[in-house]
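Take a look at the letters that make up each chain.
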Amino acid sequence: MSLHGKRKEIYKYEAPWTVYAMNWSVRPDKRFRLALGSFVEEYNNKVQLVGLDEESSEFICRNTFDHPYPTTKLMWIPDTKGVYPDLLATSGDYLRVWRVGETETRLECLLNNNKNSDFCAPLTSFDWNEVDPNLLGTSSIDTTCTIWGLETGQVLGRVNLVSGHVKTQLIAHDKEVYDIAFSRAGGGRDMFASVGADGSVRMFDLRHLEHSTIIYEDPQHHPLLRLCWNKQDPNYLATMAMDGMEVVILDVRVPCTPVARLNNHRACVNGIAWAPHSSCHICTA
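Residues numbered from 1 in each chain as written. Predicted model: local features only at pLDDT ≥ 70, side-chain atom pairs only at ≥ 80, totals over all residues. Heavy atoms only, no water.

Which residues make up the nonpolar core, and what are the values?
The nonpolar side chains of soluble globular proteins are, as a tendency, buried together. Of all hydrophobic cores here, the largest spans 16 residues; its most connected members are Leu95, Leu111, Trp128, Leu136 and Leu150. Sorting the residues of this core by element identifies strand 6 (87–91), strand 7 (95–100), strand 8 (105–111), strand 9 (123–128) and strand 11 (144–151) as the ones contributing at least two each. Ranked by residues supplied to this core, first place goes to strand 9 with three residues. Residues within four places of leucine 136 in sequence aside, it is in contact with Ala89, Leu95, Phe126, Asp127, Trp128, Thr146, Ile147, Trp148, Leu150 and Phe182. Within the second largest apolar cluster, 15 residues are counted, among which are Ala193, Val195, Leu227 and Val248. (Core = buried A, V, L, I, M, F, W, Y, C linked by side-chain atoms within 4.5 Å. Buried < 20%, exposed > 50% of the residue type's maximum accessible area, 1.4 Å probe, protein only. Helix = DSSP H or I, 4+ residues; strand = E, 2+ residues; numbered from the N terminus. Contact = heavy atoms within 4.5 Å.)

In structure tokens, the structure reads:
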């Protein structure tokens, strides 16, 4: 028992707008810290960084900054040892990398790989490579995936500006790409998969980008919205179709034949997450 009696089991934070994107920070020195993205149907949107105040046992807003359009995804740098700068990435019209300070958050770099046009193809999602945090991958409605290289200057204490460049851009699908995720297979740096409006799951290897493997195609060619790799066993991944009431579990060693179809939901699934501690548990929402 602590001095304050029994600890609360549910902590609540109420944002001033509808929350769409959300992500936990994994830095060891920033426990119980969340980034929240607003969903407001106009150009001006917000991102809030909230943290748990251990004294009052309440979540408090530490920082709010403006963001053009709602964030389709946001993600803290997967830096479990705290050796990189404290960075947050967001996707929307472009990929943006922000540096979080004690009092303010500033934009470090805006990554745009369509330099020749005034128009941008919105990014649907992105993933940050856990093995090499200098790699990010974005998926776009223009049918492409782009792998970005970041220069973060991994020396503690140096406040050099983070910059980024396109490592590779590839036409990943026949239609819009809705999600991208790196796999932990083969060292965890080079393999990634994507899903899209053509109803397929495709797997790529950064070392051999001239061909991809189609792991699964939806029988009715319904768009696939999300994919999620098993955290413990890189042979398994989960995906779900638009307006679908089931989650499809795939084994990359047996392409095109689902291992399981989880169909207990009575309405469409819009979220999936594998357990971080177990290879055989998955949560669907």
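Moving on from the coordinates now.
I'd like to hear about the sheet that holds strand 19 (residues 247–251), residue by residue, with values.
The strand order 17-18-19-20 describes an open sheet built from four strands, whose pairing is antiparallel. The open sheet has two free edges, formed respectively by strand 17 (224–229) and strand 20 (260–262), since each of these has just one partner strand. The sheet shows a mean angle of 25° between the axes of neighbouring strands, taken without regard to direction. The sheet contact formed by strand 17 and strand 18 (residues 236–241) spans five bridges and is antiparallel. Following the sheet pairing, leucine 227 is matched in strand 18 by threonine 239. (Pairing = 2+ DSSP bridges. Axes fitted to C-alpha atoms, helices over the stretch in contact; angles between N-to-C directions.)

With reference to specific residues and values, describe the pattern of salt bridges.
All chains considered together, the criterion is met by 19 salt bridges. With a closest N to O distance of 3.5 Å, aspartate 79 and arginine 27 form a salt bridge. One end of the pair, aspartate 79, is in the loop between strand 5 (73–76) and strand 6; the other, arginine 27, is in the loop between strand 1 (19–24) and strand 2 (33–38), and 52 residues separate them in sequence. Close ionic contact of glutamate 102 with lysine 30 constitutes a salt bridge, the shortest N to O distance being 3.2 Å. Highlighted residues: glutamate 102 in the loop between strand 7 and strand 8 and lysine 30 in the loop between strand 1 and strand 2, separated in sequence by 72 residues. Judged by relative accessible area, glutamate 102 falls into the exposed class, the value being 67%. Residues joined in a network through salt bridges with shared partners are Asp132, Arg189, Asp190, Asp205 and Arg207. (Salt bridge = Lys/Arg side-chain N within 4 Å of Asp/Glu carboxyl O.)

Quick one: what's the story with the sheet that holds strand 10 (residues 135–140), residue by residue and with numbers?
Taking strand neighbours across the sheet as the criterion, the four strands line up as 9-10-11-12 in an open arrangement whose pairing is antiparallel. Both outer strands of the open sheet, strand 9 and strand 12 (163–171), are each paired with one neighbouring strand and no more. If you compare each strand with its neighbour and ignore which way they point, the axes differ by 20° on average.

Describe the environment of valine 259, listing the residues and the values that go with them.
Position of valine 259 relative to the elements: it lies in the loop between strand 19 and strand 20. In sequence terms valine 259 and asparagine 235 are 24 residues apart; their C-alpha atoms lie 11 Å from each other. Here valine 259 is in contact with Tyr236, Ile249, Leu250 and Asp251, once residues within four sequence places are set aside.

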